[in-house]
Every structure is written in C-alpha cells, then in structure tokens.
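Close look at the chain arrangement
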Amino acid sequence: MGEARSQTLKQMVKFGVVGLTTNAIGYLVYLALTAFVLPPKLTMTLLYIVGTTLSYLGNHRFTFQQTGTKPRTIVAFALVSFCGWALNYALLAFFSDHLGYAHQLVQAVAIFVVAGFLFVTLKLFVFGPDRSS
C-alpha cells in the first residue's frame, strides 16, 4: 500500500471516530427533540451547527493533522459544511416529505451519505496537502 493510500486510510478511520462519536450523540438528541419538541428539519439544522463546530475541532488537528488556523481554512470548512447541510436537508425533504419515509430512518441514512461527502470534500478542498497551515 502506498504512503498516500495509507495516510488516506488512517484519515478515514480518524474521521470515522470523530463522526461516529458526534453523530451517535447527535442522532439520539435528534430522536428526542423530534419526538417531543421540534420538527425534523429544524432539529437537524440546529444539531448540524453544533456538529459542524465539533467536527472542525475534531478533524482539524486529529484527522488531518493541521496546525494553526488560516481564515481560508475556516471559510472553506464553513462552505463545505453548508453544502453538507443542504444535502442532508434535501434528503430529508425528498425522502420524508415527498416519498413518505419515516424521518428517523432517512436521517439515519443521511448521516452516512453526508459523512462520505464531507470526508472527500474536506480532504480535497479544505485540509489537502497544499492547504496545510
């Protein structure tokens, strides 16, 4: 296995650890809030903001070994995160609102779809080797 492939695999594992931790807690909070208080898309949006902050803190240094913080990195991270939110929102709206699937199931699947999107875009456009701090 080449060095670049090995590094990507390590990053995927670390990204998975950060993601599984934040999303497991976030999904439980999502289930509780949607059961008793808030509508699904609003709940997802609020939790996405908290999750994005935790994701930046966890992935910036731990997953992608970045030191320091560049304004460009923060802006790129925010843009990629917004695209992830939009993808999540669209999945909920289409599969739950239009096709009638349970929002709990759609959100559970969306977590993994969005995570794949985020890993690729963070690696290529935010924390890539030519963008290190």
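Scroll up a little and you will see the structure.
This report concerns the structure included in the present document. (Residues numbered from 1 in each chain as written. Predicted model: local features only at pLDDT ≥ 70, side-chain atom pairs only at ≥ 80, totals over all residues. Heavy atoms only, no water.)

1. A closer look at a nonpolar patch on the surface
Rules: Like-charged residues within 9 Å of one another, or nonpolar side chains (Val, Leu, Ile, Met, Phe, Trp, Tyr) within 5 Å, are grouped into patches, provided each residue has over 30% relative accessible area and no salt bridge. All accessible areas in this document rest on Shrake-Rupley with a 1.4 Å probe, and a residue is counted as covered only by the protein chains that are shown. Throughout this description, the term salt bridge denotes a Lys or Arg side-chain nitrogen within 4 Å of a carboxyl oxygen of Asp or Glu. Secondary structure elements are defined from DSSP: runs of H or I of at least 4 residues count as helices, runs of E of at least 2 residues count as strands, and each element is numbered from the N terminus. In this scheme, a residue with accessible area under 20% of its type's maximum is buried, one over 50% is exposed, and one in between is partly exposed, where area comes from a 1.4 Å probe on protein chains only.
Together, Phe 94, Phe 95, Leu 99, Tyr 101, Leu 105, Val 109 and Val 113 line one region of the surface with nonpolar side chains, adding up to about 640 Å² of accessible area. For the nonpolar patch, the elements supplying multiple residues, two or more each, are α3 (71–98) and α4 (103–126). Ranked by residue count, the leading element in the nonpolar patch is α4, at three residues. Inspection of the secondary structure assignment puts Phe 94 in helix α3. Owing to a relative accessible area of 43%, Phe 94 belongs among the partly exposed residues under this scheme.

2. Quick word on the pattern of salt bridges
In the structure shown here, the tally under the stated rule is one salt bridge. Its salt-bridge partner being Asp 97, residue Lys 41 comes within 2.6 Å of it at the nearest N-O pair. Residue Lys 41 is found in helix α2 (residues 40–63), and its partner Asp 97 is found in helix α3; the two are separated by 56 residues along the sequence. The exposure class assigned to Asp 97 is partly exposed, which follows from its relative accessible area of 46%.

3. Description of unusual backbone geometry
Leaving glycine out, the prevailing phi sign among residues is negative, and the prevailing peptide bond configuration is trans. In this model, Gln 65 sits at a positive phi of 50 degrees, which is unusual for a non-glycine residue. Tracing the backbone through its elements, the reader meets Gln 65 in the loop between α2 and α3.

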